[in-house]
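A closer look at the structure
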Amino acid sequence: MSARRGLRTFGFYGDLEVPGAASAGPDLLLNLATYQERWSVYADSLSYLQEIQRDRAQLGLRGRLGGGMKGVLWLGVSSAHPSATLKSDGKDRNLPATALLPAAKQVNFLDIEVRLLRDRRDRQRSWQKGDWTGFALRLAEPDHGPFAWSAELDTRCYMPILRTRAAALRLRSAFAAPGSPYFSRFVTGGAGSLRGFPAGSLSGPLGTRALWEAGAEWRQPLLGADQRWPLVLGTLFLDVGDHLRPTGRWHGASADVGFGALFRLPWLRLLNVEVGYPLTEDPTEGPVAVQISLGRSF
C-alpha cells in the first residue's frame, strides 16, 4: 500500500504481484486504488477545479508477447463520483458544478482493459538512448448511460548526441467513444501534453474525444554530466497538437516552446519544472505556463 501523487491525482494504491509458476507463464496482478482526480475548468479567464472521487479494484494477467513487448489484461470494477462544487482560488467564487458541467452523479463501471508495452530504452541512460511505446484500450460498461471505450497510443524515441546530450521525439494520439462521460475523456494542455498551456485549458470543461500531439526536446546535463543519471538535466522543447471540439470539428493546431529542468532528488526521485510559452491563442490569456510534476512529463 502506498500514497502517490500524479499529474492530476492523489490517493492510496495497493499492488500485489504473483510471478508465473513457469518461466513462460503469466504473472497474476492485483490493483486496488482510492484517489481523487482534479478536473480543470476554465471560464471567463478564471480557473476552477472539480474533485472526482475514484475507486478501483482490478485483477490482471501479464505476459511476454515476443519482440520485447509485454501485455496486461485487466478485469475489474471502478467508480467515479464528481463533486457538486467547482472550487476556485477565491472561496467566494466557488460555483455549483452544473454551471459549467453536467449534473454530478456517481457512475459505476465494469471494466476490461488491455495494455501493451515495448520498452527498449537503454537501462543505463534511459533519458538518452532507445525507444518506448505504449498502447491502452479500455472497455467500460456503466450502470447507467451508454457503453464507453477509449484507446491511446504513445510512442517516444531518444537519440544520443555528442555523447552527453540527446534529442527526444514523442507522438501521442487518443480517442474516446462519443457517448463517454466527460471525466473519461482526454485533456489537452499541461504536463505530459502541450506544456505552454495550463492543464486542460485547450480541451475545455468537457475534455476532448480525440487528439494528437507531437513534441521534440533537446536534453543536456547541467550538473553531473559524467554520470549515467545527471543530477540536473536541462531541456528545450517544442510541442504541437490538435483536438476534437464538442461540435465534432477539429480545433486547429496549437503550439508552444519552452525550457525546463529535471532534478534527481533523494526520496522524491525526479522533480520536473517546465516553463512554456504559447505560440498560438491561449484561452486563459496567460503569457506563460509553469508546470511542476514528479517524474518526467515526456
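Analysis parameters
Residues numbered from 1 in each chain as written. Predicted model: local features only at pLDDT ≥ 70, side-chain atom pairs only at ≥ 80, totals over all residues. Heavy atoms only, no water. Helix = DSSP H or I, 4+ residues; strand = E, 2+ residues; numbered from the N terminus. Rg over C-alpha atoms; globule rule 2.2 N^0.38 Å. Buried < 20%, exposed > 50% of the residue type's maximum accessible area, 1.4 Å probe, protein only. Contact = heavy atoms within 4.5 Å. Patch = residues over 30% accessible without salt bridge, like charges linked within 9 Å, V, L, I, M, F, W, Y side chains within 5 Å. Areas by Shrake-Rupley, 256 points an atom, 1.4 Å probe, with all protein chains shown as cover. Salt bridge = Lys/Arg side-chain N within 4 Å of Asp/Glu carboxyl O. Core = buried A, V, L, I, M, F, W, Y, C linked by side-chain atoms within 4.5 Å. Pairing = 2+ DSSP bridges. Polar contact = N/O pair within 3.5 Å; in protein donor to acceptor, adjacent residues only side chain to side chain. Phe/Tyr/Trp six-rings, centres within 6.5 Å; stacked < 30°, edge-to-face > 60°.

1. What about the overall build of the chain?
A count of helical and extended segments in the chain gives zero helices and 16 strands. What you see for the chain is a C-alpha radius of gyration of 20 Å, in line with the 19 Å of a compact globule of 298 residues. The dimensions of the chain, computed from C-alpha atoms along their principal axes, are 55 × 55 × 35 Å. Classification of the 298 residues of the chain by burial places 42% in the buried group. Pairs at least 24 residues apart make up 54% of the contacts formed inside the chain by residues separated by at least 6 positions.

2. Topic: a nonpolar patch on the surface
A contiguous nonpolar surface patch, about 730 Å² in accessible area, is contributed by L16, V18, L28, L59, L61, L73, L75, I112 and V114. Looking at the nonpolar patch, the elements with two or more residues in it are strand 2 (9-18), strand 4 (46-66), strand 5 (69-82) and strand 8 (107-119). Mapped onto the elements, L61 comes out in strand 4. Owing to a relative accessible area of 43%, L61 belongs among the partly exposed residues under this scheme.

3. Digging into the nonpolar core
Membership of the largest hydrophobic core comes to 14 residues, with the highest contact counts inside it found for W39, V41, L86, L101 and F183. Secondary structure elements with two or more residues in this core: strand 3 (27-43), strand 4 and strand 8. One finds A166, L233, L262 and L270 within the second-largest nonpolar core, a separate group that totals five residues.

4. A few points about the pairing of strand 13 (residues 232-243)
Of all twelve residues in strand 13, nine are buried; the element is thus mostly enclosed. For strand 12 (residues 210-223) and strand 13, the ladder comprises twelve bridges, and the chain directions are antiparallel. Each bridged residue has a counterpart across the sheet, and for W218 the counterpart in strand 13 is L236. As paired strands, strand 13 and strand 14 (residues 254-265) are joined by ten bridges and run antiparallel to one another. Bridging across to strand 14, D239 finds its partner in D256.

5. Examining the side chain of S78
Following the sequence through the fold, S78 ends up in strand 5. On the basis of relative accessible area, S78 is assigned to the buried category, the value being 13%. Here the side chain of S78 touches D111 through a polar contact of 2.5 Å, side chain to side chain. Setting aside anything within four residues of it in sequence, one finds S78 in contact with D55, R56, V107, N108, F109, D111 and R138.

6. Considering unusual backbone geometry
Phi angles above zero are rare outside glycine, and L162 is one such case at about 50°. The topology assignment puts L162 in the loop between strand 10 (148-161) and strand 11 (165-176). Phi is positive for E285, which is not a glycine, with a value near 60°. If you trace the backbone, E285 turns up in the loop between strand 15 (269-278) and strand 16 (289-294).

7. Quick notes on the packing of aromatic side chains
Counting across every chain of the model gives six aromatic pairs. Ring geometry for W39 and Y182: centres 5.6 Å apart, planes at 70°, overall edge-to-face. Of the two residues, W39 is situated in strand 3 and Y182 in the loop between strand 11 and strand 12; the sequence distance between them amounts to 143 residues. Residue class for W39 comes out buried when judged on its relative accessible area of 1%.

8. Thoughts on the environment of A176
Considering the arrangement of structural elements, one finds A176 in strand 11. On the basis of relative accessible area, A176 is assigned to the buried category, the value being 0%. Sequence-wise, A176 and A151 are 25 residues apart; in three dimensions their C-alpha atoms are separated by 6.5 Å. Contact partners of A176, with chain neighbours within four places excluded, come to W149, S150, R185, F186 and R209.

9. Remarks on the pattern of salt bridges
Tallied over the full model, the rule gives 17 salt bridges. With a closest N to O distance of 2.6 Å, E17 and R62 form a salt bridge. Pair noted here: E17 is in strand 2 and R62 is in strand 4, with a separation of 45 residues, a long-range link. Between D111 and R138 there is a salt bridge, and its shortest N-O distance comes to 2.8 Å. Within this pair, whereas D111 is found in strand 8, its partner R138 is found in strand 9 (residues 130-142), the two being separated by 27 residues in sequence. For D111, a relative accessible area of 6% puts it in the buried group. Overlapping salt bridges, with partners in common, bring together R195, E217, R219, D239 and E274 in one network.

10. A look at the pairing of strand 6 (residues 85-88)
A regular strand places its side chains so that they alternate between the two faces of the sheet. The side-chain alternation of strand 6 yields one buried face, formed by L86 and S88, and one unburied face, formed by T85 and K87. Here strand 4 runs beside strand 6; their pairing, made up of two bridges, is antiparallel. Note that in strand 6 the partner of L49 across the bridge is K87. One ladder, built from two bridges, connects strand 6 with strand 7 (residues 95-96); its direction is antiparallel. Each residue of the ladder has a partner; that of L86, found in strand 7, is L95.

Everything listed here is a matter of coordinates, which is why it stays silent on function.
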